[in-house]
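Here is how the chains run, residue by residue.
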Amino acid sequence: MKKITIYTGPICNYCDATKKLLKRNSLEFTEIDISSGSEVLKEMISKSNGQRTIPQIFFDNLHIGGYNEIRELEKQKKLLELLK
């Protein structure tokens, strides 16, 4: 199974919703808080092709997008398939 990484920040409802969605699907993930330093923010922006909003979600090195994109994958029942 692919490793899930999410870049999050403080006081972020979409970040909270993403974590709930992943937990609801019994998926483990690594959370990286961008408020921990500017290097982390730069890393996220670089990996996400310039995206600055949070959350930013990755399955291994595949950039998924944010909450709306992962929610759509769940609705279409493609989330677990994409993680294989």
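Refer to the structure presented above.
Cut-off values and rules
- Sequence order as written defines residue numbering, which begins from 1 separately in each chain.
- Local features in this predicted model are restricted to residues of pLDDT 70 or higher, and side-chain atom pairs are both shown and tallied only at a pLDDT of 80 or more, whereas totals for entire chains, interfaces and linings draw on every residue.
- Excluded from the side-chain calculation are hydrogens and water; included are all heavy atoms of the structure.
- As used here, the term nonpolar core means buried Ala, Val, Leu, Ile, Met, Phe, Trp, Tyr and Cys residues forming a set that is joined through side-chain atoms within 4.5 Å.
- The buried label goes to any residue with under 20% of its type's maximum accessible area, the exposed label to any with over 50%, and the partly exposed label to all in between, with areas taken from a 1.4 Å probe on protein chains only.
- Each helix is a run of DSSP H or I of at least 4 residues and each strand a run of E of at least 2, with the numbering of both proceeding from the N terminus.
- Contacts between residues were defined by any pair of non-hydrogen atoms, one from each residue, lying within 4.5 Å.
- Polar contacts, as counted here, are pairs of nitrogen or oxygen atoms within 3.5 Å of one another; within protein the pair requires one atom able to donate a hydrogen and one able to accept it, and residues that are adjacent in sequence qualify only if both atoms are side-chain atoms.
- Two strands qualify as a pair provided that DSSP identifies no fewer than 2 bridges between them.
- Geometry is summarised by axes, namely lines fitted to C-alpha atoms with helices restricted to the contacting stretch, and by angles between N-to-C directions that run from 0 to 180 degrees.

## Re the nonpolar core
Side chains that are nonpolar tend, in soluble globular proteins, to be buried together.
Piece 1. In terms of nonpolar packing, the biggest core is built from 13 residues, with I4, L22, F59, I70 and L79 touching the most fellow members.
Piece 2. Elements that contribute at least two residues to this core include exactly β1 (4–8), α1 (13–24), β3 (56–59) and α3 (67–75).
Piece 3. Ignoring anything within four residues of it in the chain, the contact list for L22 reads I4, I6, L27, F29 and I70.
Piece 4. V40, M44, I45 and F58 belong to the second largest nonpolar core, which has six residues in total.

## What to know about the side chain of Q56
Piece 1. Examined against the element boundaries, Q56 turns out to sit in strand β3.
Piece 2. A distance of 2.9 Å separates a polar side-chain atom of Q56 from the backbone oxygen of T53.
Piece 3. Contacts of Q56, omitting those with residues within four sequence positions, involve T5, I6, Y7, M44, S48, Q51, H63 and G65.

## Some points on the sheet that holds β1
The pairing of strands in a sheet happens through backbone hydrogen bonds and is either parallel or antiparallel.
Piece 1. Strand order in this open sheet of four strands is β2-β1-β3-β4, and the pairing throughout is mixed. Among the strands making up the open sheet, the edge pair consists of β2 (30–33) and β4 (62–65). Averaged over all pairs of adjacent strands, the angle between strand axes in this sheet comes to 25°, irrespective of strand direction.
Piece 2. In the sheet, β1 pairs with β2 via four bridges, with the strands oriented parallel. Residue pairing for β2: Y7 is matched across the bridge by I32.

## Things to note about the environment of E69
Piece 1. Looking at the secondary structure, you find E69 in helix α3.
Piece 2. Overall, the relative accessible area of 41% leaves E69 in the partly exposed class.
Piece 3. Along the chain, E69 and Q56 lie 13 residues apart, while their C-alpha atoms are 9.9 Å from each other.

## Let's talk about the environment of F59
Piece 1. Along the chain, the position of F59 falls in strand β3.
Piece 2. A relative accessible area of 1% means that F59 is categorised as buried.
Piece 3. Sequence spacing of F59 and I4 is 55 residues, and the spatial spacing of their C-alpha atoms is 4.7 Å.
Piece 4. Non-local contacts of F59, meaning those with residues more than four positions away in its chain, are made with K2, K3, I4, I64, I70, L79, L82 and L83.

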